[in-house]
2 protein chains.
Amino acid sequence: MEKQLLKQMIDRFETSTFTVNRILHACIRELMPENLTADQHSILRYIRERGLCTSSELADFFFVGKSSITAIVKRLADKNLIQRILDDKDRRVIYLSLTAEGAELVETMQEKIAELLTKFINHFDEQEAHTFIETYEKLARILIEEEGGKGRE
Amino acid sequence: MEKQLLKQMIDRFETSTFTVNRILHACIRELMPENLTADQHSILRYIRERGLCTSSELADFFFVGKSSITAIVKRLADKNLIQRILDDKDRRVIYLSLTAEGAELVETMQEKIAELLTKFINHFDEQEAHTFIETYEKLARILIEEEGGKGRE
DNA sequence: TGAAACAGTTCGATAGGTGAACTATATCAC
DNA sequence: GTGATATAGTTCACCTATCGAACTGTTTCA
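Residues numbered from 1 in each chain as written. Chains lettered and ligands numbered in written order. Predicted model: local features only at pLDDT ≥ 70, side-chain atom pairs only at ≥ 80, totals over all residues. Heavy atoms only, no water.

Honestly, the pairing of strand β3 (residues 94-98) of chain A in this entry has me stumped. Any pointers?
Consecutive side chains along a regular strand alternate between the two faces of the sheet. As defined by bridge partners, strand β1 (residues 53-54) of chain A adjoins β3 of chain A across 2 bridges and the pair is classed as antiparallel. If you follow Thr-54 of chain A over to β3 of chain A, its bridge partner there is Tyr-95 of chain A. (Pairing = 2+ DSSP bridges. Helix = DSSP H or I, 4+ residues; strand = E, 2+ residues; numbered from the N terminus.)

Set out below in structure tokens:
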């Protein structure tokens, strides 16, 4: 790609990303029930996706230290949204999973978020949305790859 | 769009957004110089773009309370990256602008970020990148509109 | 001229992040 | 086997960002 064009592309990408994130994040924060933060919700979602997971896994995935996870997990467990399950094969390990209450909460949140996104996606025709998402997914794959490469160093 | 398809689109969009943000945010955090957070950098960028701006404007733009801005502005001014300029027409108002040091810092950060993004954008051919960004910008416009609509209520 | 609006600050609380020191368990080399 | 090392998770002290309520000072306007 030509240098001048590339620079322009980057600038436009940066601006759009920034705006979309800023507003989407604000919208999602508004959807959150009393006493749940967006970060906490992300953790719940990840646990739901995985079924069972450990604190170390969360720390790696979210690129934060284990001590941050300890704190968040404590808050979520205090609210009875997740539970700790001891591994009796390796007694250092503590698995985390959603409680029934936690699972239900994530479910309703997903519906709310889907509703919100539907409003926006409806502005696009099927072809446009499809093309966009294909590229977005490709970008996500590239990032995962790059990130994985860095981790191996 | 068909209901089933829409649901699938939303799911894919959500997953991609989440991944891209998670990794990009981590990358950018790594680029930050010692003693500057990503949030602080966003504020600096906004001020640079505007030349002059007020705390209230920042609070509106970033969807946070004015007291949060007071705190961030204090930290940035302490580091000598921004300066306060009193308005002598309306003595309630305090304009913020970058210091020379702040401007330079934002400049070097921009270069670093552009370098990072170049790595990723280079995986796409010109047409694909262009189409993607067009749609992304459209999404940003839609979000701004919706958000503006909400504000007026 | 007095009430209301507005710009910004202060304060106390909470959430999230760091890194270092710590406990407890598991693994591995010898 | 046993001792060094690695791993899982917690605790601690400290920082940043956020909130909302109460506050100061200034402007506007009925």
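Before we go on, may I ask you to explain the interface of chain B and chain A in this structure?
For an interface, size is often stated in terms of accessible area lost upon the parts coming together. At the junction of the two partners, chain B supplies 58 residues and chain A supplies 58 residues. Buried surface at the junction of chain B and chain A, summed over both partners, amounts to about 6200 Å²; 71% is from carbon and sulfur atoms. Inspection of the region where chain B meets chain A yields 8 salt bridges. For Glu-137 of chain A, the salt bridge is made with Arg-12 of chain B, and the minimal N-O distance between the two is 2.7 Å. Summed over the shared surface of chain B and chain A, the number is 16 residue pairs in polar contact (both at pLDDT 80 or more). Broken down by secondary-structure element, the contributors of at least two residues to the side of chain B that touches chain A are α1 (3-31), α2 (38-50), α3 (55-62), α5 (100-121) and α6 (126-152) of chain B. Classifying every residue of the side of chain B that touches chain A gives 30 nonpolar, 12 polar and 16 charged. (Contact = heavy atoms within 4.5 Å. Buried area = accessible area lost by both parts, 1.4 Å probe. Salt bridge = Lys/Arg side-chain N within 4 Å of Asp/Glu carboxyl O. Polar contact = N/O pair within 3.5 Å; in protein donor to acceptor, adjacent residues only side chain to side chain. Nonpolar A, V, L, I, M, F, W, Y, C, P; charged D, E, K, R; others polar.)

Would you mind going over the nonpolar core with me for this structure?
A general feature of soluble globular proteins is that nonpolar side chains tend to end up buried together. Among the nonpolar cores identified, the biggest contains 87 residues, and Leu-44 and Leu-58 of chain A together with Leu-44 and Leu-58 of chain B are the most heavily contacted of them. For Leu-58 of chain B, the residues in contact, after removing those within four places along its chain, are Ile-43, Tyr-46, Cys-53, Ile-69, Val-73 and Leu-96 of chain B. (Core = buried A, V, L, I, M, F, W, Y, C linked by side-chain atoms within 4.5 Å. Buried < 20%, exposed > 50% of the residue type's maximum accessible area, 1.4 Å probe, protein only.)

How do you make sense of the protein's contact with DNA strand C when you look at a structure like this?
Around DNA strand C lies a shell of 24 residues, among which Thr-37, Gly-65 and Arg-75 of chain A together with Ser-56 and Lys-66 of chain B are the nearest. Between Gln-40 of chain A and DNA strand C, the recorded distance is 3.0 Å, taken from a side-chain N or O atom to a phosphate oxygen. Sorting the residues of the surface near DNA strand C by element identifies α2 (38-50) and α4 (66-78) of chain A together with α3 and α4 (66-78) of chain B as the ones contributing at least two each. With 4 residues, α4 of chain A is the largest single contributor of residues to the surface near DNA strand C. Each residue belonging to the surface near DNA strand C can be placed in one class, and the counts come to 5 nonpolar, 10 polar and 9 charged. (Near = heavy atom within 4 Å.)

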